[in-house]
Amino acid sequence: MLSRRTLLAAGAAGLAMPAIRPAGAQTATPVRFALDWALQGNHGMFSLPDDRGVFRREGINLRMDRGFGSGDTTVKVASGAYDVGYTDVSTMVKFNAENPDKRLVCFYQVLDRTAAALITLKKSGIASPKGVAGKRLGAPEGEGSRMLFPAFSRVAGIDASGIRWTSMAANLRDTMLAQGQVDAVTGFLFTTYFNLVGLGTAESDIVAWPYAENGLDIYGSALVARADWLDKNPQVAAGFVRASVEGLKMLIAEPDAGMASLKKREPLFDEALEKRRWGMTYERSILTPNVKAGGTGVLDNARAETLIRVNAEAYGVSNPPKVGDMFTDRFLPPAADRKIG
């Protein structure tokens, strides 16, 4: 686990650590918050507490906007267009190495396991990850799960030398798989799985191997902000985490209310499908053995180091950030308050 001593010793570039006190309800701070994608079931952990005044109680006037991919969210938070983002932490490794003056920090690790997966249909004849050797594999060029595939192939024993990659826009990936234009794809499990269901694919025909459950156990999406913003707004950051943890507990206890909260923001939101997407996200990426033991947001140095190393290898980063420069548990509530499941 990341100790406070480790985090305080992160170097001159590390976060300043003023005392954190609950923000006053009478001094609401506007916070611009960017999600990773269009509204999905797991985003109810933010919309539901917002509707019920939890963020306001923490002194936060929240403005939550949809995202257009984790990479886009990372850039927008780093640019200052948004204060806080919900994004895949893997996108930060290359960015932080190339932009130390705009360094992002993960301050609440929501998905304890990445949702990246290798996904196919039974008609492809692929019965195990190794079976993708020599096949047509599809994903957007530069997309995270595709960039991490070489690392996954090594731990899964896949001969990747004969794989033929097809690049496409993210919104076409699942359609191309359903139509048989590619044999398999890489992507977020709970995104591609339910997109295939929405396209009329029988669930019994979908076959998937999540990276984290097949040898590449790294972190997924998290709350992130610029280091200098966290430095200047420690009370707001701590309040944001408290509200999000409370929202996660609300969503676990009242998933229907969470879906209704999102429906208010997006009339085309499919509550039934998104409730199922949320269930998969919770079971596969949030309620892990690590979280059961240490509470939501628990951090571990070794797993953080693995994430940085495999992403540095994937993107050719020669000067990867240090764990203490990219992750902090400073703003988390006590472990007892983060127990879920």
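Residues numbered from 1 in each chain as written. Predicted model: local features only at pLDDT ≥ 70, side-chain atom pairs only at ≥ 80, totals over all residues. Heavy atoms only, no water.

Caption draft 1: Focus on the overall build of the chain. Helix and strand counts for the chain come out as 16 helices and 10 strands. Computed over the C-alpha atoms, the radius of gyration of the chain is 19 Å, within 12% of the 20 Å expected from 2.2 N^0.38 for a compact globule of 341 residues. When burial is assessed residue by residue, the chain has 55% of its 341 residues classed as buried. For the chain, the share of sequence-separated contacts (at least 6 apart) that also reach a separation of at least 24 residues comes to 81%. Carbon together with sulfur atoms contributes 51% to the accessible area of the chain, which is approximately 13700 Å² in total. (Helix = DSSP H or I, 4+ residues; strand = E, 2+ residues; numbered from the N terminus. Rg over C-alpha atoms; globule rule 2.2 N^0.38 Å. Buried < 20%, exposed > 50% of the residue type's maximum accessible area, 1.4 Å probe, protein only. Contact = heavy atoms within 4.5 Å. Areas by Shrake-Rupley, 256 points an atom, 1.4 Å probe, with all protein chains shown as cover.)

Caption draft 2: The pattern of salt bridges, seen in detail. Tallying each qualifying case throughout the model produces 24 salt bridges. The shortest N-O distance in the salt bridge between Asp 183 and Arg 136 comes to 3.0 Å. Separated by 47 residues along the polypeptide, Asp 183 in the loop between helix 8 (173–178) and strand 8 (184–188) and Arg 136 in strand 6 (residues 136–138) bring together distant segments of the chain. Put simply, Glu 203 and Arg 276 hold a salt bridge, and the shortest N to O gap is 2.7 Å. (Salt bridge = Lys/Arg side-chain N within 4 Å of Asp/Glu carboxyl O.)

Caption draft 3: Quick look at the sheet that holds strand 7 (residues 164–166). The mixed open sheet is built from 5 strands, whose spatial order is 7-6-8-5-9. Of all strands in the sheet, those bounded by a partner on one side alone are strand 7 and strand 9 (206–210). Taking the axes of each pair of neighbouring strands and ignoring which way they run, one obtains an average angle of 30° across the sheet. One ladder, built from 5 bridges, connects strand 5 (residues 116–121) with strand 8; its direction is antiparallel. Directly across from Thr 120, in strand 8, lies its bridge partner Ala 184. (Pairing = 2+ DSSP bridges. Axes fitted to C-alpha atoms, helices over the stretch in contact; angles between N-to-C directions.)

Caption draft 4: Highlighting the packing of helix 9 (residues 189–198) against helix 13 (residues 271–286). The geometry of helix 9 relative to helix 13 is characterised by a closest axis approach of 10 Å and an angle of 150° between their N-to-C directions. If you check the angle between helix 9 and helix 13, you find them roughly antiparallel. As helix 9 packs across helix 13, the resulting crossing turns out to be right-handed. In this structure, helix 9 contributes Leu 189, Phe 190, Thr 191, Tyr 193, Phe 194, Asn 195 and Gly 198 to the contact, and helix 13 contributes Leu 273, Arg 276, Arg 277, Met 280, Thr 281, Arg 284 and Ser 285. (Parallel < 35°, antiparallel > 145°, perpendicular 65-115°, else oblique. Left-handed = near helix turned anticlockwise from the far one by under 90°.)

Caption draft 5: Focus on the environment of Glu 143. Here Glu 143 lies in the loop between strand 6 and helix 6 (144–147). The class for Glu 143 is buried, based on a relative accessible area of 18%. Each C-alpha atom, one on Glu 143 and one on Leu 189, is 14 Å from the other, the two residues being 46 residues apart in sequence. In contact with Glu 143, not counting residues within four places along its chain, are Arg 173, Thr 186 and Gly 187. At 2.4 Å, the side chain of Glu 143 and the side chain of Ser 145 are in polar contact. (Polar contact = N/O pair within 3.5 Å; in protein donor to acceptor, adjacent residues only side chain to side chain.)

Caption draft 6: Looking closely at the nonpolar core. Phe 33, Phe 107, Tyr 108, Leu 223 and Phe 240 are the most contacted members of the largest nonpolar core, which totals 63 residues. Of all the elements, helix 11 (residues 234–253) adds the most residues to this core, at 10 residues. In this structure Tyr 108 touches Met 45, Ala 222, Leu 223, Val 241, Ser 244, Val 245, Leu 248, Thr 296, Gly 297 and Leu 332, once residues within four positions along its chain are discounted. Residues Ala 34, Met 92, Ala 222 and Ala 304 belong to the second largest nonpolar core, which totals 39 residues. (Core = buried A, V, L, I, M, F, W, Y, C linked by side-chain atoms within 4.5 Å.)

Caption draft 7: Looking closely at the environment of Pro 210. Mapped onto the fold, Pro 210 is located in strand 9. In this structure Pro 210 comes out as buried when scored by relative accessible area, which is 6%. Contact partners of Pro 210, with chain neighbours within four places excluded, come to Ala 116, Ala 117, Leu 189 and Arg 284.

Caption draft 8: Focus on the sheet that holds strand 2 (residues 60–65). Taken in spatial order, the 5 strands make up an open sheet running 2-1-3-10-4, and their pairing is mixed. At either margin of the open sheet sits one strand with a lone partner, and together these are strand 2 and strand 4 (104–109). Each adjacent strand pair in this sheet contributes to an overall mean axis angle of 30°, direction not counted. Helix 4 (residues 70–79) contacts strand 1 (29–34), strand 3 (84–88), strand 4 and strand 10 (221–226) of the sheet and is inclined by roughly 150° relative to strand 3.

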